[in-house]
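This is what each chain is made of:
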Amino acid sequence: MTAFKKLGLNSEIMKSLDDLGFTEPSPIQEKTIPFILKSENDLIALAQTGTGKTAAFGLPILQKIKANERVLQAIILCPTRELCIQISRDITKLAKYSEGLVVTAVYGGEKIDFQIKALKRGTNIVVGTPGRVHDLIRRKVLKLQAIKWLVLDEADEMLDMGFKDDLDAILTETPKTRQTLLFSATISKSVRLIAKQYMTDAEEIIAGEQNVGAEKVSHEYYIVGARDRFEALKRILDYLPGVYGILFCRTRRETGEVSDKLKQVGYDTDALHGEISQIMRTKIMDRFKRKQIHLLVATDVAARGIDVSDLSHVINYSLPGQDEAYTHRSGRTGRAQKSGVSISILNPRDAGRIKRLESIIGKKFEYKKVPSGEDICQKQIDNFFAEIENTKTEEIGNERYFQEFSERLKKTSKEDLIKYFIANKFSRLASACKNTRDLNAKGKAVNARMGSEDGVGLKINFGRKHGLDIKGVFALINSNRNLKGVEIGKINLMPEYSVFSVEKKRADEVIKYLKGTNFRGKKIDVSKSNMIASYAGKRRGGSGRGFRRKRKEPRKVR
Ligand code: ADP
Ligand code: MG
C-alpha cells in the first residue's frame, strides 16, 4: 500500500485501492502516475495488455480533477463499446471516495437519448468511442472546451478501426492547453502517426521488460495444410488438459463456422463477433465467466475488452492480419500471476511470420507436432487416472449409496468393471485413436523452422549477467548484414554465457561474422556447442482434466 502512497496519491484514492485489493502499483502505474500528477506535458505510455493501464491514467486524473465543478474536464477515447463500459466501470470504482464525481460512458449500439440525458445532467469524465463522441459533438450535447485531459486508450486500434476522421474532428474541439495521454500496448506506425499529429513534445514511458503478464506467456505453433486446420484444432484441444481460453478467427464468418463445427462434435463453445446483439453478448460472456463455456471463438474486435484474467490459452486459428495484433491476442492470457500459452495453427505459407513475431515479442516460439490419435488417447487415459488419484473420496464411504453400490457390484468382476469404463469413458476416444493420419505439414517452409535436429548449437561468451537477453541474440544476428535471414532456433541464456541454435548450413557463417565483433564494448567469442541438444523437445508438463466436452449419450455395456 505504501508503494502507491509514495507515488503521491491522496487518502481518498488510497481507500478505493484498498477496497479493490490493489497493493502494489504495476510498472506502468509506477512510472505514469507521478508523471501525470506533476507534469502537464503530453505522454505516450506503452505497456502490454493487462498491465493496469486504466488505473495508470485514471488515478492521477481523479486526483487532479475538480469533482465539485460539474464541468467536463477529462475525455477518454477508446476503440470499442466493451472497452468503454469497462473503463468507465473501472474508473467509477477508483473514484469510490471521490465525492460528487460523475463518469459517463457514451458508445454506439445503444440508444443515444439516454446518453444525451446523462450528459445534460452534467459529468466530469466522459469515456467514449470516437464515432459516438463525434456524433454527440455534432448534436451540440458534448462540449469539450474545458477539457484538461484527453486520453487515447488503445490509440493504434482506434486508427486501425477507421476512426481517423472522428478523431480529427474531436481533437479540433478540444483546447490546445489540454494534456494528451496516449496509452497503447504496441508502438506501431499508427501510434507514431497519432503522436506526430496530435501531440507536442510527448514524453515516452515504456514498461516493457518488467511486464510479468507477457513474461508468463509461452508461444507454440503447429504447421498444417489449410484443409487439415479444423482436424488439427480438434486434436490439439483433445490433447490439452483443461483449456479455458479464446480461439481467434479473422472474420465474423469464420467464428460462426468454427464454433458451429466444434459444437456439433460436442465441445462447449460459443462465438462472439460484432453482429451479435448486446443481450446475447452479455449472456455468452456470462456463461464464459462462469466456465460453462470453455472456449470462446472470437474476432479481434469482439475480444477487445473481455475482462477475464485466468485464461489458460489463446489459440490463433488464423494469425491476425497485423503482427501487432498478435501481441494483443497473446496478452489475453498469462494474466493474474498465472502462466498461459498462446498457440498458433499455421499454414505452411504463414510459417515465415513466426520469425517476425519472435522479434516483436522478444521470445522464441516453440514448434509442436499435432498429436496423433494415439497420443491423444494415451494423454486422456493418463488424465483419467490422475483424476482418480486426485478425487477426494474419504467421505463417500459413509454415503447412503455406497452400501448399495458395494452390494450390487459384488458379483461384477473387476474385468467387467474395466470394460464398462472403457466403453463409457473412452468410447469416443477409441475411434479417435484410429485417427492416425499425420497432419503436420512437411516441406521447405516447415524445415526452415528447424527443430533442433536441423540446427547447430553455438555458445557465446555473453549471458544474462552481461545484459544479453533474447531480443539481444536476435539483434546480434539480425544487425549483421552478412547474416541476413539466418534462422535462430532455441536460445538458452545462462548468467555467464548463452547457447543458441542456428540453421546448420549457415552455422559457419554465423561464427565467422560474429567472432571478433563487439557486444557492449567487449569482443564476442562464439563456437560450436552440443549443449543445445539437451534443450530440444522440451515439453510443457500438464495434468488434470482434458478439455471438457458435453457428455454424450453413454454407451451400453457390451
Ligand atoms: P490494460 O489496460 O493494461 O490492458 P487494465 O487496466 O484493464 O489493463 O487492468 C487489467 C486488470 O488488472 C484489471 O482487472 C485491473 O483491475 C487489474 N489491476 C490494475 N492495476 C492493478 C494493481 N496495481 N494491482 C492489482 N490489480 C490491478
Ligand atoms: Mg486498457
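1. Details of helix α6 (residues 112–121)
Stage number 1. Within the sequence span of α6, burial applies to Ile112, Gln115, Ile116, Ala118 and Leu119. Projected onto a plane normal to the axis of α6, the buried residues spread over an arc of 165 degrees and lie on a single side. Facing away from the buried side of α6 by over 90 degrees, the exposed positions are Phe114, Lys117, Lys120 and Arg121.
Stage number 2. Where α6 is buried, its residues contact β3 (103–106), β4 (125–128) and α7 (130–138).
Stage number 3. Positive phi shows up at Gly122, right after α6, with a value of about 100 degrees.

2. Let's talk about the site of ligand 1
Stage number 1. The immediate surroundings of ligand 1 are formed by 15 residues, with Glu24, Gln29, Gly50, Lys53 and Thr54 found nearest.
Stage number 2. In this structure, Gln29 approaches ligand 1 through a side-chain N or O atom, which is 2.8 Å from a nitrogen atom.
Stage number 3. Thr54 places a side-chain nitrogen or oxygen 3.0 Å from an oxygen atom of ligand 1.
Stage number 4. Protein chains shield 73% of the accessible area of ligand 1, which is 570 Å² for the free molecule.

3. Description of the packing of aromatic side chains
Stage number 1. Counted by the stated rule, this structure contains eight aromatic pairs.
Stage number 2. Centroid distance Tyr221 to Tyr367: 5.6 Å. Interplanar angle 50 degrees. Geometry classified as tilted. Here Tyr367 lies in strand β14 (residues 365–367) and Tyr221 lies in strand β8 (residues 217–223), a separation of 146 residues in the sequence.
Stage number 3. A relative accessible area of 1% places Tyr221 in the buried class.
Stage number 4. Ring geometry for Phe384 versus Phe421: centroids 5.6 Å apart, planes at 55 degrees, classification tilted.

4. Re the pairing of strand β12 (residues 313–316)
In the case of a regular strand, side chains alternate between the two sheet surfaces.
Stage number 1. Covered by surrounding structure in β12 are His313 and Ile315 together with Val314 and Asn316, the residues of both alternating faces.
Stage number 2. Two strands pair when backbone bridges link them, and strand β9 (residues 245–248) and β12 are joined in this way by four bridges, in the parallel orientation. Of the residues in β12, the one forming a bridge with Ile246 is Val314.

5. Focus on the packing of helix α16 (residues 323–330) against helix α17 (residues 353–361)
Stage number 1. Interhelical geometry of α16 versus α17 gives an angle of 65 degrees and a closest axis separation of 10 Å. The handedness of the crossing between α16 and α17 comes out as right-handed. Here Asp323, Tyr326, Thr327 and Ser330 of α16 come into contact with α17, specifically with Arg353, Arg356, Leu357, Ile360 and Ile361.
Stage number 2. Of the residues belonging to the contact of α16 with α17, the class tally is four nonpolar, two polar and three charged.

6. Structural notes on the pairing of β8
Stage number 1. Of all seven residues making up β8, six are buried, and the element is well covered by its neighbours.
Stage number 2. Note: β8 against strand β13 (residues 340–346), seven bridges, orientation parallel. When the sheet's bridge partners are listed, Tyr221 is paired in β13 with Ser344.
Stage number 3. Pairing of β8 with β14 involves three bridges; the strand directions are parallel. Directly across from Tyr221, in β14, lies its bridge partner Tyr367.

Conventions used here
Residues numbered from 1 in each chain as written. Chains lettered and ligands numbered in written order. Predicted model: local features only at pLDDT ≥ 70, side-chain atom pairs only at ≥ 80, totals over all residues. Heavy atoms only, no water. Buried < 20%, exposed > 50% of the residue type's maximum accessible area, 1.4 Å probe, protein only. Helix = DSSP H or I, 4+ residues; strand = E, 2+ residues; numbered from the N terminus. Arc of directions from axis to C-beta. Contact = heavy atoms within 4.5 Å. Near = heavy atom within 4 Å. Polar contact = N/O pair within 3.5 Å; in protein donor to acceptor, adjacent residues only side chain to side chain. Areas by Shrake-Rupley, 256 points an atom, 1.4 Å probe, with all protein chains shown as cover. Phe/Tyr/Trp six-rings, centres within 6.5 Å; stacked < 30°, edge-to-face > 60°. Pairing = 2+ DSSP bridges. Axes fitted to C-alpha atoms, helices over the stretch in contact; angles between N-to-C directions. Left-handed = near helix turned anticlockwise from the far one by under 90°. Nonpolar A, V, L, I, M, F, W, Y, C, P; charged D, E, K, R; others polar.

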